[in-house]
Amino acid sequence: MSGHPTAAGLADKGILQASSVVDDSLRQTDLSVPSIRCGGCIWKIEQALNALDGVERARVNLSTKRVCVLWRADREAPPLIRTLADVGYAAHLEEPGNDTPDRTLSELIRALAVAGFATGNIMLLSVSVWSGADAAARDLFHGVSALIALPALVYSGRIFFRSAARAIRHGRTNMDVPISIGVLLAFGLSLFETFEGGEQAYFEASVMLLFFLLIGRTLDHLMREKARRAVSGLAKLVPRVVQVVRADGHHVTRPLSSVEPGMSVLVAAGERVPVDGRVAAGLSDVDRSLVTGESAPQSAGVGSVVQAGMLNLTGPLTVTATAAEAGSFLADMVRLMERAEAGRPVYRRVADRATRFYAPLVHGVALASFVGWMVAAGDLHQATVVAVAVLIITCPCALGLAVPMVQVVAARRLFERGIMIKDGAVLERLTDIDAVVFDKTGTLTMGAPVLRNRQAIAPENLALAAALGAQSRHPLSRALAAFEDKESPAMPVSGHVTEHPGCGLEALSDHGRFRLGRAAWALDAAARPTPGAFEDSDQTETVLSKDGELLEVFRFDDPLRPGAREAVGALKARGIEIHLLSGDRAGPVRRLAGDLGLDVFEAALRPRDKVAYLEGLAEAGHKVLMVGDGLNDAPALAAAQVSMAPGTAADVGRNAAGLVFLGDGLEAVPFAVALSHRADRLIRQNFLLAIVYNGAALPFAVLGFVTPLVAAVAMSLSSIAVVANALRLNAGSGRRRRHEGTKQRRPAFALETTE
Amino acid sequence: MSIVPYLVIISLCLGAVGLVVFLWSLKNGQYEDLDGAAERVLFDDESAPEDRRAAPRR
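Residues numbered from 1 in each chain as written. Chains lettered and ligands numbered in written order. Predicted model: local features only at pLDDT ≥ 70, side-chain atom pairs only at ≥ 80, totals over all residues.

1. A look at helix α4 (residues 103-130) of chain A
Then step 1. Look at α4 of chain A: 39 Å from first C-alpha to last across 28 residues, which is about the 40 Å you get at 1.5 Å a residue.
Then step 2. Directly after α4 of chain A, the chain includes Gly132 of chain A, whose backbone phi takes a positive value near 105°. (Helix = DSSP H or I, 4+ residues; strand = E, 2+ residues; numbered from the N terminus. Expected span 1.5 Å × (residues − 1).)

2. Some thoughts on the sheet that holds strand β6 (residues 241-245) of chain A
Then step 1. Taken in spatial order, the six strands of this open sheet run β7-β6-β8-β14-β9-β12 (chain A), and their pairing is antiparallel. A strand with exactly one partner marks an edge of an open sheet, and here the two such strands are β7 (251-255) and β12 (305-306) of chain A. (Pairing = 2+ DSSP bridges.)

3. A short note on the sheet that holds strand β21 (residues 540-546) of chain A
Then step 1. A sheet is described by the order of its strands in space; here six strands give the open sequence β17-β22-β21-β20-β19-β18 (chain A), paired in antiparallel fashion. Across the chains shown, the open sheet's two edge strands, defined by having one partner strand only, are β17 (450-451) and β18 (496-500) of chain A.

4. A few points about the interface of chain B and chain A
Then step 1. Residue-level contacts link 21 residues of chain B with 22 residues of chain A.
Then step 2. Elements that contribute at least two residues to the side of chain B that touches chain A include exactly α1 (3-27) and α2 (34-40) of chain B.
Then step 3. A total of 10 residues in the side of chain B that touches chain A trace back to one element, the largest contributor, which is α1 of chain B.
Then step 4. Residue composition of the side of chain B that touches chain A, grouped by class: 13 nonpolar, three polar and five charged. (Contact = placed C-beta atoms within 7 Å. Nonpolar A, V, L, I, M, F, W, Y, C, P; charged D, E, K, R; others polar.)

5. Some points on the nonpolar core
Residue and element names in this part refer to chain A.
Then step 1. Among the nonpolar cores identified, the biggest contains 165 residues, and Leu209 and Ile392 are the most heavily contacted of them.
Then step 2. If you tally residues by element for this core, the top one is helix α24 (residues 668-702), at 14 residues.
Then step 3. Ignoring anything within four residues of it in the chain, the contact list for Ile392 reads Gly182, Ala186, Tyr202, Ala205, Leu209 and Ala711.
Then step 4. Among the nonpolar cores identified, the runner-up in size contains 26 residues, and Leu476, Ala479, Ala481 and Leu544 belong to it. (Core = buried A, V, L, I, M, F, W, Y, C linked by C-beta atoms within 7 Å. Buried ≥ 20, exposed ≤ 12 C-beta atoms within 10 Å, placed from the backbone.)

6. Structural notes on helix α21 (residues 607-619) of chain A
Residue and element names in this part refer to chain A.
Then step 1. Taking 1.5 Å of rise per residue, 13 residues should cover 18 Å, and α21 covers 19 Å from first to last C-alpha, within 8% of that figure.
Then step 2. Among all positions of α21, only Pro607, Lys610, Val611, Leu614 and Leu617 are buried. Taken around the axis of α21, the buried residues stretch over an arc of 120°, which confines them to a single face. In α21, those exposed residues whose orientation departs by more than 90 degrees from the buried face are Gly616 and Glu619.
Then step 3. At the C-terminal side of α21, Gly621 shows a positive phi close to 90°. (Arc of directions from axis to C-beta.)

7. Quick notes on the confidence of the model for chain A
Residues and elements named next belong to chain A.
Then step 1. Mean pLDDT over chain A works out to 79, with 85% of the residues at or above the 70 mark.
Then step 2. Low pLDDT, under 50, characterises residues 531-537; the stretch is placed with five contacts to residues that sit more than four places away or in other chains.
Then step 3. The low-confidence segment residues 735-755 (pLDDT under 50) makes 35 contacts with residues lying over four places distant or belonging to another chain. (pLDDT = per-residue confidence, 0-100.)

8. Some words on the environment of Ile393 of chain A
Residue and element names in this part refer to chain A.
Then step 1. On the secondary structure map, Ile393 appears in helix α12 (residues 380-393).
Then step 2. A C-alpha to C-alpha distance of 36 Å links Ile393 and Val673, two positions 280 residues apart in sequence.
Then step 3. Leave out the neighbours within four places in its chain, and Ile393 touches Asn694, Ala697, Leu698, Ala701, Val706, Ala711 and Ala714.

9. Observations concerning the packing of helix α7 (residues 203-222) of chain A against helix α25 (residues 708-727) of chain A
The relative placement of two packed helices is expressed as an angle between their axes plus a distance between the axes.
Residue and element names in this part refer to chain A.
Then step 1. It is at 10 Å that the axes of α7 and α25 come closest, and there the two elements cross at 10°. What the angle tells us is that α7 and α25 run roughly parallel. Across the interface between the two elements, Glu204, Ala205, Met208, Leu209 and Phe212 from α7 touch Pro708, Ala711, Ala712, Met715 and Ser719 from α25.
Then step 2. Class assignment for the residues of the contact of α7 with α25 results in eight nonpolar, one polar and one charged. (Axes fitted to C-alpha atoms, helices over the stretch in contact; angles between N-to-C directions. Parallel < 35°, antiparallel > 145°, perpendicular 65-115°, else oblique.)

10. Thoughts on the environment of Asp30 of chain A
Then step 1. With respect to the helices, strands and loops of the structure, Asp30 of chain A is situated in strand β2 (residues 26-32).
Then step 2. For the pair Asp30 of chain A and Val67 of chain A, spaced 37 residues apart in sequence, the C-alpha to C-alpha distance is 5.8 Å.

11. Looking at unusual backbone geometry
Residue and element names in this part refer to chain A.
Then step 1. The phi angle at Asp547 is positive, at roughly 50°, despite the residue not being glycine.
Then step 2. The exposure class assigned to Asp547 is exposed, which follows from the 12 C-beta atoms found within 10 Å.
Then step 3. With phi around 55°, Ala604 is a residue other than glycine that occupies positive phi space.
Then step 4. Ala604 sits in the partly exposed class, given 14 other C-beta atoms within 10 Å.

12. A few points about the environment of Asn655 of chain A
Then step 1. With respect to the element layout, Asn655 of chain A can be found in helix α23 (residues 651-656).
Then step 2. Sequence separation between Asn655 of chain A and Ala634 of chain A is 21 residues; the distance between their C-alpha atoms is 8.6 Å.

13. Quick notes on the pairing of strand β26 (residues 642-646) of chain A
All names here are of chain A.
Then step 1. Counting buried positions along β26 gives five out of five residues, so the element sits mostly inside the fold.
Then step 2. Both faces of β26 are covered, namely the face carrying Val642, Met644 and Pro646 and the face carrying Ser643 and Ala645.
Then step 3. As paired strands, strand β25 (residues 624-627) and β26 are joined by three bridges and run parallel to one another. The residue bridging Met626 from the neighbouring strand is Ser643, located in β26.
Then step 4. Where β26 lies against strand β27 (residues 659-661), three bridges are found, and the strand directions are parallel.

What follows is the structure, encoded as structure tokens:
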């Protein structure tokens, strides 16, 4: 490892911020490593990370494709991401605090376990009763059942009782009200029967109801959105403290919030610009991709305008602030995002819509049959039994499972393809979309320059340029450095290499003066071609010179993301409109649009314009899926009906998006859309199944034919049918495939950055 | 017939033991990485003690 900065090396700088404190001596960092596929990966990663200095222990979780690393707080943060890149795995830092144990989930699972235990045991007793136990044994078994059911109801049932009580207190009704009434009535009636020595008790029905409902509730909870707001990630982008240059030339460290217009702030190479301003001194290259989406870095010298969030690449800059923190670009973005998040129409989930219609219906039918039997037979006991049977039969067990079961299976399928979804509602929103808006840089393209004219380049010149490029963190240099040959290092640049910010790299050696950089700087005026020859606006290039003579021209472009063409084709085949919005210049945008056959494209858009464009589409009645990655896309991601971001996106973009795809391939987009359609179909089938089942059983219940046995069978069968139907989503998934894929699917990110 | 109450109690106790064990294993984090557990079985013996050391303590 040569120790020069690379993309992975730069990413390692974020480890400290993204870690959480375990105790006095340990910090914990969570990494998401989407390419973990098998036991071999676990072994390789744990070996590599545990060998690092300062790492206390590293543990891979294969199910979640994450690595949890504990490292000693008194040391410098270990270079985790670079180490993983060296063994061939691309890794992203996870937000700290995402992993806090979910109290509600563990409460649900415990309640589920207790209900399951009670159901099983009561069922054993009930089966013997149904098989014709004599009166003495029947009464004994009913008594034991009551003893099991009571604690189970108290422990597992409180989840429903609590919510029902809350609803009633607010004068509303929700699905938990009929559930609670049904369960409690069934229990009370059975208790009465037990004391009276009656023949039928519904203990197993009341507990089984809880069991099935809790399964649905637990799955549903898994698919609920975790309270996480995208905006919080924005502020983390810039350091909270800045180096302010005082009038006497001394540097003092000040909190960012104290910066006022007119103050001079020092921005070291590799740091992000903290406030909007104008460059007062220094010369450097600035990566604006996060802010504007522009692919190529721009040079910045005295007088250049810079915005908060831009990354200073090559040389130190002194920036005179033109706005305070609150007035600068990033703060503006925060406000834009907040507005977008607040303004998004509240989406009513399918299940909630169904429930609103179902709850009053259940109440009504149960009450009506109670009154009917009272009038017809005048027997309170008989009428209560029928009402309880109606409540049990119409209980939405299958309905409660219908949606979450499908969504959990769908989420699992997506995860296997490296797509993470934020919550179940995202799938429902995805079903409706009829337009996709793509960002350009980093979304349709990889967002990193790649050498295009490699065939035309002499190997020795390439080796030389690679050795020079390895000394810089400029994106073009890094692209060249990927070709460095470590076994036989290029000879002539063993000497002194200096970086001239905004121009390029210079090496002085016995063989002469080598320069890698802008043509205007690297070449003598005589050797320089006519102005404009190197200024093709569609591509970026750099030259290698020796003593002012041209040795080689390196042309770069930002390659298409793999699968971009297929993705566009597949979406078009579905009849989905595709729009391309970019902050980049018109030239590259037009070329890309032509390449992919996209008719609708807009260039040079600011974040605000993108949001406005999306709002325009929404007003025209379109349901839009936004796919983007950068900070400049974040407000648009938040404003769209549903949004998707690559795993390499800025934190803010990832948090704002409903779906994140971790691999490189853009096929993830049509895959997710197609899966959402299949999931939607299954959800509808499930509703139909559940309703038909309940509808068919309801007349029997109303007429008083439903015995405890019939209730138990009907409940189980409908739930099983719904679960089995949901599992059809797995058909043809082939979970085994991930092992075959291990060998050839090395992450491209790691290939590019391996030194 | 007199044996039935005992059998009922014994079966309930067995079931309760199962429940307690499940709740314990849940708390112990045994369901955190089901896929990984299936693969780790195949690792060489030498790594086994180290893995136990590395298991997250909660």
